[in-house]
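Single-letter residue listing:
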Amino acid sequence: MLQRPDEKDAELDVMTEIAALYYADQVTQEELSQRFGMSRAKIGRLLKRAREEGIVEIRVRPHPGVAGEIEKEFIRRFGIDRLIVAVDHRDQETQRQAVASLVAAHLTRVLRDGMIVAVGMGRNVGAVADGVVTPPNQRSVTFVSAIGGSLRAGEIMNSDHICRRLAARFGGESETLYAPALVETPAIRDVLLQNDTVRQTLDRARRADIAIIGVGDLSEDSNMVRMGWFTPQEVTEARLAGTIGDMMGYDFFDIQGQPSGRPLHGRIMGLTTSELRRIPNVVAIASESTKAAGILGALRTGAINTLATSLSNAHTVLSLDDATRSRQPAAPLPAAGSPHPAH
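Residues numbered from 1 in each chain as written. Predicted model: local features only at pLDDT ≥ 70, side-chain atom pairs only at ≥ 80, totals over all residues. Heavy atoms only, no water.

With an unreviewed UniProt entry as reference, the protein chain is termed Sugar-binding transcriptional regulator, source organism Acidisoma cellulosilyticum.

What the protein chain contains, in helices and strands, is 15 helices and 10 strands. Split into buried and exposed, the 343 residues of the protein chain put 50% on the buried side. Of the contacts made within the protein chain by residues no fewer than 6 positions apart, 74% connect residues no fewer than 24 positions apart. Taken as a whole, the protein chain presents about 16,600 Å² of accessible surface, with 52% of it coming from carbon and sulfur. (Helix = DSSP H or I, 4+ residues; strand = E, 2+ residues; numbered from the N terminus. Buried < 20%, exposed > 50% of the residue type's maximum accessible area, 1.4 Å probe, protein only. Contact = heavy atoms within 4.5 Å. Areas by Shrake-Rupley, 256 points an atom, 1.4 Å probe, with all protein chains shown as cover.)

So, on to the packing of aromatic side chains. Both the distance between ring centres and the angle between the ring planes are used here to describe each pair of aromatic rings. In total, this model carries 2 aromatic pairs according to the counting rule given. Measuring from centroid to centroid gives 5.4 Å for phenylalanine 74 and phenylalanine 78, while their planes differ by 55 degrees, and the two rings are tilted. Taken together, the positions of phenylalanine 74 and phenylalanine 78, both in helix α4 (residues 64–78) and 4 residues apart, correspond to about one turn of that helix. Given a relative accessible area of 8%, phenylalanine 78 falls into the buried group. An angle of 35 degrees between the planes, with centres 6.2 Å apart, marks the rings of phenylalanine 143 and phenylalanine 170 as tilted. Pair noted here: phenylalanine 143 is in strand β3 (residues 142–145) and phenylalanine 170 is in helix α8 (residues 159–170), with a separation of 27 residues, a long-range link. (Phe/Tyr/Trp six-rings, centres within 6.5 Å; stacked < 30°, edge-to-face > 60°.)

Now for the pattern of salt bridges. Opposite charge on two side chains permits pairing when their charged atoms draw close. Considering all chains together, one arrives at 19 salt bridges under this definition. The salt bridge involving arginine 76 is made with glutamate 73; its shortest N-O contact spans 2.5 Å. Of this pair, arginine 76 and glutamate 73 both sit in helix α4, separated by 3 residues, roughly a single helical turn. Arginine 76 sits in the exposed class, given a relative accessible area of 57%. In this structure, arginine 96 engages glutamate 288 in a salt bridge whose closest nitrogen and oxygen atoms are separated by 3.0 Å. Here glutamate 288 lies in the loop between β9 (281–286) and α14 (292–300) and arginine 96 lies in helix α5 (residues 92–110), a separation of 192 residues in the sequence. Here the two residues arginine 96 and glutamate 288 agree in accessibility, since each one is buried. Salt bridges sharing partners connect three or more residues here, namely Glu73, Arg76, Arg77, Arg300, Asp321, Asp322 and Arg325. (Salt bridge = Lys/Arg side-chain N within 4 Å of Asp/Glu carboxyl O.)

Spatially, the 7 strands line up as an open sheet ordered β1-β10-β9-β5-β2-β3-β4, and their pairing is parallel. Every other strand in the sheet has two partners, leaving β1 (82–86) and β4 (173–175) as the edge strands with one partner each. Taking the axes of each pair of neighbouring strands and ignoring which way they run, one obtains an average angle of 20 degrees across the sheet. Two elements, strand β2 (residues 116–119) and β3, share 4 bridges in a ladder whose sense is parallel. Looking at the pairing, alanine 118 lines up with valine 144 of β3. Most of the contacts of α8 go to β3, to which it runs at about 175 degrees, and overall it touches β2, β3, β4 and β5 (210–214). (Pairing = 2+ DSSP bridges. Axes fitted to C-alpha atoms, helices over the stretch in contact; angles between N-to-C directions.)

Pasting the structure below:
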(Lines give C-alpha, C1' and ligand atoms only; values in the text may rest on other atoms or scores of the structure.)
Protein backbone atom coordinates (compact mmCIF):
# COMPACT_ATOMS: atom_id res chain seq x y z
CA MET A 1 0.00 0.00 0.00
CA LEU A 2 1.42 3.36 -1.06
CA GLN A 3 2.00 6.04 1.54
CA ARG A 4 0.32 9.39 1.19
CA PRO A 5 2.74 12.35 0.91
CA ASP A 6 1.87 13.58 4.40
CA GLU A 7 2.53 10.11 5.88
CA LYS A 8 5.87 9.88 4.12
CA ASP A 9 6.87 13.36 5.33
CA ALA A 10 5.90 12.44 8.89
CA GLU A 11 8.04 9.29 8.72
CA LEU A 12 11.01 11.29 7.41
CA ASP A 13 10.57 13.78 10.24
CA VAL A 14 10.60 10.98 12.82
CA MET A 15 13.62 9.33 11.16
CA THR A 16 15.50 12.65 11.17
CA GLU A 17 14.65 13.23 14.85
CA ILE A 18 15.79 9.73 15.80
CA ALA A 19 19.04 10.14 13.84
CA ALA A 20 19.74 13.51 15.49
CA LEU A 21 19.13 12.09 18.99
CA TYR A 22 21.30 9.04 18.32
CA TYR A 23 24.28 10.63 16.55
CA ALA A 24 24.30 14.15 18.02
CA ASP A 25 22.93 13.63 21.53
CA GLN A 26 24.22 10.06 22.11
CA VAL A 27 20.76 8.73 23.06
CA THR A 28 20.96 4.92 23.04
CA GLN A 29 18.84 2.72 20.78
CA GLU A 30 17.19 1.24 23.89
CA GLU A 31 16.14 4.71 25.04
CA LEU A 32 14.92 5.60 21.53
CA SER A 33 12.92 2.38 21.43
CA GLN A 34 11.13 3.33 24.66
CA ARG A 35 10.66 6.98 23.71
CA PHE A 36 9.14 6.30 20.27
CA GLY A 37 7.36 3.04 21.08
CA MET A 38 9.32 1.08 18.44
CA SER A 39 11.36 -2.09 18.58
CA ARG A 40 15.15 -1.76 18.66
CA ALA A 41 15.24 -3.57 15.31
CA LYS A 42 13.08 -0.86 13.73
CA ILE A 43 15.20 1.88 15.31
CA GLY A 44 18.26 0.23 13.76
CA ARG A 45 16.58 0.05 10.35
CA LEU A 46 15.64 3.73 10.52
CA LEU A 47 19.19 4.73 11.44
CA LYS A 48 20.55 2.68 8.53
CA ARG A 49 18.03 4.27 6.16
CA ALA A 50 18.98 7.73 7.43
CA ARG A 51 22.56 7.06 6.32
CA GLU A 52 21.48 5.63 2.95
CA GLU A 53 19.27 8.63 2.17
CA GLY A 54 21.93 11.18 3.10
CA ILE A 55 20.23 12.47 6.26
CA VAL A 56 23.27 11.28 8.20
CA GLU A 57 26.81 11.44 6.85
CA ILE A 58 29.59 9.77 8.82
CA ARG A 59 33.13 11.03 8.24
CA VAL A 60 36.28 9.42 9.54
CA ARG A 61 39.38 11.61 9.44
CA PRO A 62 43.03 10.84 10.18
CA HIS A 63 44.09 11.53 13.74
CA PRO A 64 45.14 15.21 13.94
CA GLY A 65 48.56 14.20 15.23
CA VAL A 66 49.21 11.86 12.31
CA ALA A 67 47.86 14.28 9.71
CA GLY A 68 49.80 17.15 11.29
CA GLU A 69 53.14 15.33 11.12
CA ILE A 70 52.66 14.37 7.48
CA GLU A 71 51.59 17.91 6.61
CA LYS A 72 54.72 19.34 8.24
CA GLU A 73 56.85 16.99 6.14
CA PHE A 74 55.10 18.01 2.92
CA ILE A 75 55.52 21.68 3.76
CA ARG A 76 59.22 21.13 4.50
CA ARG A 77 59.94 19.11 1.37
CA PHE A 78 57.74 20.76 -1.25
CA GLY A 79 57.14 24.26 0.06
CA ILE A 80 53.35 23.94 -0.04
CA ASP A 81 51.09 25.76 2.41
CA ARG A 82 48.67 22.97 3.29
CA LEU A 83 48.08 19.23 3.00
CA ILE A 84 44.54 17.86 3.20
CA VAL A 85 44.41 14.08 3.73
CA ALA A 86 41.46 11.71 3.90
CA VAL A 87 41.50 8.23 5.41
CA ASP A 88 41.83 5.35 2.97
CA HIS A 89 38.86 3.58 1.39
CA ARG A 90 38.94 0.50 -0.82
CA ASP A 91 36.18 1.76 -3.08
CA GLN A 92 37.49 4.39 -5.51
CA GLU A 93 34.29 6.42 -5.61
CA THR A 94 34.08 6.50 -1.81
CA GLN A 95 37.70 7.65 -1.70
CA ARG A 96 36.98 10.42 -4.19
CA GLN A 97 34.01 11.62 -2.17
CA ALA A 98 36.02 11.55 1.06
CA VAL A 99 38.76 13.75 -0.39
CA ALA A 100 36.27 16.05 -2.11
CA SER A 101 34.26 16.62 1.06
CA LEU A 102 37.41 17.82 2.85
CA VAL A 103 38.19 20.19 -0.02
CA ALA A 104 34.61 21.49 0.10
CA ALA A 105 35.01 22.13 3.82
CA HIS A 106 38.29 23.93 3.12
CA LEU A 107 36.57 26.18 0.59
CA THR A 108 33.78 26.89 3.05
CA ARG A 109 36.41 28.23 5.47
CA VAL A 110 38.50 30.30 3.05
CA LEU A 111 36.07 31.74 0.49
CA ARG A 112 35.33 35.44 0.92
CA ASP A 113 33.14 37.94 -0.93
CA GLY A 114 34.76 39.25 -4.08
CA MET A 115 37.05 36.27 -4.62
CA ILE A 116 37.64 34.64 -7.99
CA VAL A 117 38.03 30.86 -8.19
CA ALA A 118 39.56 29.29 -11.31
CA VAL A 119 38.07 25.83 -11.86
CA GLY A 120 39.61 22.92 -13.74
CA MET A 121 37.88 19.81 -14.99
CA GLY A 122 37.65 16.15 -14.05
CA ARG A 123 35.90 13.79 -11.65
CA ASN A 124 37.85 14.87 -8.57
CA VAL A 125 37.13 18.55 -9.16
CA GLY A 126 33.49 17.82 -9.95
CA ALA A 127 33.10 15.85 -6.73
CA VAL A 128 33.97 18.95 -4.71
CA ALA A 129 30.79 20.69 -5.83
CA ASP A 130 28.80 17.66 -4.71
CA GLY A 131 30.73 17.47 -1.43
CA VAL A 132 29.22 20.63 0.05
CA VAL A 133 26.99 18.93 2.61
CA THR A 134 25.57 21.91 4.50
CA PRO A 135 24.82 24.97 2.36
CA PRO A 136 27.14 27.70 3.67
CA ASN A 137 26.28 31.36 3.97
CA GLN A 138 25.93 32.73 0.47
CA ARG A 139 28.97 34.57 -0.82
CA SER A 140 29.65 36.86 -3.74
CA VAL A 141 32.23 34.63 -5.46
CA THR A 142 32.97 34.20 -9.16
CA PHE A 143 33.79 30.67 -10.33
CA VAL A 144 35.58 30.84 -13.68
CA SER A 145 36.28 27.99 -16.08
CA ALA A 146 40.05 27.70 -16.38
CA ILE A 147 39.85 25.21 -19.24
CA GLY A 148 37.54 24.80 -22.23
CA GLY A 149 34.80 22.23 -22.63
CA SER A 150 34.48 18.78 -24.14
CA LEU A 151 31.32 17.05 -25.35
CA ARG A 152 32.51 13.69 -24.09
CA ALA A 153 33.29 14.99 -20.60
CA GLY A 154 29.62 15.59 -19.78
CA GLU A 155 28.21 17.49 -16.82
CA ILE A 156 30.21 15.62 -14.21
CA MET A 157 33.66 16.56 -15.54
CA ASN A 158 33.25 19.72 -17.63
CA SER A 159 34.57 22.86 -15.98
CA ASP A 160 31.59 25.06 -16.87
CA HIS A 161 29.09 22.63 -15.29
CA ILE A 162 31.27 22.35 -12.19
CA CYS A 163 31.41 26.15 -11.96
CA ARG A 164 27.63 26.35 -12.07
CA ARG A 165 27.24 23.75 -9.33
CA LEU A 166 29.80 25.51 -7.14
CA ALA A 167 28.06 28.86 -7.66
CA ALA A 168 24.72 27.30 -6.76
CA ARG A 169 26.10 25.93 -3.50
CA PHE A 170 28.36 28.76 -2.37
CA GLY A 171 26.63 31.73 -4.00
CA GLY A 172 27.96 34.16 -6.57
CA GLU A 173 28.17 33.50 -10.28
CA SER A 174 29.90 31.28 -12.81
CA GLU A 175 31.71 32.14 -16.03
CA THR A 176 32.22 29.70 -18.89
CA LEU A 177 35.25 29.59 -21.15
CA TYR A 178 33.61 29.45 -24.58
CA ALA A 179 36.24 27.34 -26.29
CA PRO A 180 36.99 23.64 -26.78
CA ALA A 181 39.27 22.07 -24.19
CA LEU A 182 41.43 20.55 -26.91
CA VAL A 183 42.36 21.86 -30.36
CA GLU A 184 44.21 20.10 -33.16
CA THR A 185 47.37 22.19 -33.25
CA PRO A 186 49.20 24.82 -31.15
CA ALA A 187 48.66 27.27 -34.03
CA ILE A 188 44.88 26.99 -33.68
CA ARG A 189 45.22 27.53 -29.94
CA ASP A 190 47.24 30.70 -30.54
CA VAL A 191 44.52 32.08 -32.82
CA LEU A 192 41.73 31.26 -30.36
CA LEU A 193 43.64 32.93 -27.53
CA GLN A 194 43.32 36.21 -29.43
CA ASN A 195 39.52 35.99 -29.43
CA ASP A 196 38.07 38.69 -27.13
CA THR A 197 35.64 36.35 -25.36
CA VAL A 198 38.27 33.67 -24.74
CA ARG A 199 40.91 36.18 -23.69
CA GLN A 200 38.65 37.97 -21.21
CA THR A 201 37.64 34.75 -19.45
CA LEU A 202 41.20 33.44 -19.23
CA ASP A 203 42.39 36.85 -18.01
CA ARG A 204 39.88 36.61 -15.18
CA ALA A 205 41.02 33.06 -14.41
CA ARG A 206 44.61 34.31 -14.26
CA ARG A 207 43.57 36.86 -11.63
CA ALA A 208 42.01 34.17 -9.45
CA ASP A 209 42.57 34.03 -5.70
CA ILE A 210 42.09 30.24 -5.68
CA ALA A 211 42.34 27.55 -8.34
CA ILE A 212 40.88 24.04 -8.05
CA ILE A 213 42.52 21.52 -10.35
CA GLY A 214 42.96 17.79 -10.70
CA VAL A 215 46.17 15.84 -11.17
CA GLY A 216 46.04 13.44 -14.09
CA ASP A 217 47.96 10.20 -14.48
CA LEU A 218 49.13 9.47 -17.99
CA SER A 219 47.75 6.02 -18.74
CA GLU A 220 45.79 4.27 -21.46
CA ASP A 221 42.78 4.44 -19.13
CA SER A 222 43.08 8.14 -18.33
CA ASN A 223 40.22 10.57 -18.88
CA MET A 224 42.02 12.13 -21.84
CA VAL A 225 42.19 8.80 -23.67
CA ARG A 226 38.58 7.92 -22.84
CA MET A 227 37.45 11.32 -24.14
CA GLY A 228 39.42 10.81 -27.35
CA TRP A 229 41.81 13.71 -26.77
CA PHE A 230 44.89 11.58 -27.32
CA THR A 231 45.33 8.12 -28.78
CA PRO A 232 46.74 5.26 -26.69
CA GLN A 233 49.79 5.36 -28.98
CA GLU A 234 50.41 9.05 -28.24
CA VAL A 235 50.12 8.35 -24.52
CA THR A 236 52.48 5.39 -24.74
CA GLU A 237 55.07 7.46 -26.63
CA ALA A 238 54.79 10.24 -24.06
CA ARG A 239 55.26 7.78 -21.20
CA LEU A 240 58.33 6.29 -22.87
CA ALA A 241 59.70 9.83 -23.03
CA GLY A 242 59.29 10.14 -19.25
CA THR A 243 55.91 11.86 -18.99
CA ILE A 244 54.06 10.75 -15.86
CA GLY A 245 51.15 13.17 -15.46
CA ASP A 246 49.44 16.48 -16.00
CA MET A 247 47.47 19.02 -14.04
CA MET A 248 44.28 18.07 -15.87
CA GLY A 249 45.46 19.09 -19.29
CA TYR A 250 47.22 22.32 -18.38
CA ASP A 251 50.72 20.96 -18.94
CA PHE A 252 52.51 17.61 -18.93
CA PHE A 253 55.53 16.86 -16.77
CA ASP A 254 57.98 14.15 -15.75
CA ILE A 255 58.77 12.82 -12.26
CA GLN A 256 60.98 15.85 -11.60
CA GLY A 257 58.23 18.30 -12.47
CA GLN A 258 59.89 19.33 -15.72
CA PRO A 259 57.91 19.83 -18.98
CA SER A 260 57.56 16.59 -20.93
CA GLY A 261 55.51 14.94 -23.64
CA ARG A 262 56.03 17.66 -26.23
CA PRO A 263 53.67 16.15 -28.85
CA LEU A 264 50.85 16.65 -26.32
CA HIS A 265 51.78 20.21 -25.40
CA GLY A 266 50.21 23.43 -26.61
CA ARG A 267 46.81 22.04 -27.61
CA ILE A 268 44.81 22.66 -24.42
CA MET A 269 42.71 25.82 -24.10
CA GLY A 270 43.37 26.66 -20.48
CA LEU A 271 45.84 28.01 -17.97
CA THR A 272 49.46 26.91 -18.13
CA THR A 273 51.70 25.86 -15.25
CA SER A 274 53.46 29.22 -15.24
CA GLU A 275 50.08 30.97 -14.99
CA LEU A 276 48.99 28.69 -12.15
CA ARG A 277 52.12 29.69 -10.20
CA ARG A 278 50.82 33.25 -10.08
CA ILE A 279 47.59 32.23 -8.31
CA PRO A 280 47.93 32.52 -4.50
CA ASN A 281 46.23 29.20 -3.62
CA VAL A 282 46.24 26.37 -6.16
CA VAL A 283 44.36 23.40 -4.70
CA ALA A 284 45.32 20.16 -6.47
CA ILE A 285 43.12 17.11 -5.91
CA ALA A 286 44.09 13.48 -6.55
CA SER A 287 42.21 10.70 -4.80
CA GLU A 288 43.15 7.66 -6.89
CA SER A 289 45.91 5.33 -5.67
CA THR A 290 47.39 5.25 -9.20
CA LYS A 291 48.37 8.91 -9.06
CA ALA A 292 51.20 8.99 -6.52
CA ALA A 293 53.91 9.53 -9.16
CA GLY A 294 51.80 12.18 -10.87
CA ILE A 295 51.28 13.94 -7.54
CA LEU A 296 55.03 14.01 -6.90
CA GLY A 297 55.73 15.45 -10.36
CA ALA A 298 52.98 18.04 -9.88
CA LEU A 299 54.39 19.07 -6.49
CA ARG A 300 57.82 19.54 -8.05
CA THR A 301 56.46 21.97 -10.65
CA GLY A 302 56.10 24.52 -7.85
CA ALA A 303 52.54 25.35 -8.91
CA ILE A 304 50.68 23.72 -6.02
CA ASN A 305 49.91 25.41 -2.69
CA THR A 306 47.35 22.97 -1.27
CA LEU A 307 47.32 19.23 -1.95
CA ALA A 308 44.26 17.08 -1.22
CA THR A 309 44.71 13.31 -1.39
CA SER A 310 44.45 10.08 0.57
CA LEU A 311 46.64 9.09 3.50
CA SER A 312 48.21 6.19 1.60
CA ASN A 313 48.97 8.44 -1.38
CA ALA A 314 50.70 10.90 0.94
CA HIS A 315 52.95 8.15 2.34
CA THR A 316 53.71 6.82 -1.15
CA VAL A 317 54.63 10.29 -2.41
CA LEU A 318 57.14 10.71 0.42
CA SER A 319 58.67 7.31 -0.39
CA LEU A 320 58.92 8.17 -4.08
CA ASP A 321 60.50 11.49 -3.20
CA ASP A 322 63.13 9.69 -1.15
CA ALA A 323 63.84 7.32 -4.05
CA THR A 324 64.12 10.00 -6.75
CA ARG A 325 65.36 13.08 -4.89
CA SER A 326 69.02 12.56 -5.83
CA ARG A 327 68.07 12.84 -9.50
CA GLN A 328 66.26 16.17 -9.13
CA PRO A 329 67.60 19.14 -11.13
CA ALA A 330 70.20 21.30 -9.41
CA ALA A 331 68.12 24.44 -9.96
CA PRO A 332 64.67 23.78 -8.49
CA LEU A 333 61.56 25.52 -9.71
CA PRO A 334 59.98 28.21 -7.46
CA ALA A 335 58.28 26.68 -4.45
CA ALA A 336 54.52 26.99 -4.21
CA GLY A 337 54.83 28.65 -0.82
CA SER A 338 57.09 31.43 -2.07
CA PRO A 339 55.70 34.92 -2.70
CA HIS A 340 53.67 35.21 -5.90
CA PRO A 341 54.01 38.10 -8.32
CA ALA A 342 51.28 40.68 -8.12
CA HIS A 343 48.28 40.13 -10.42
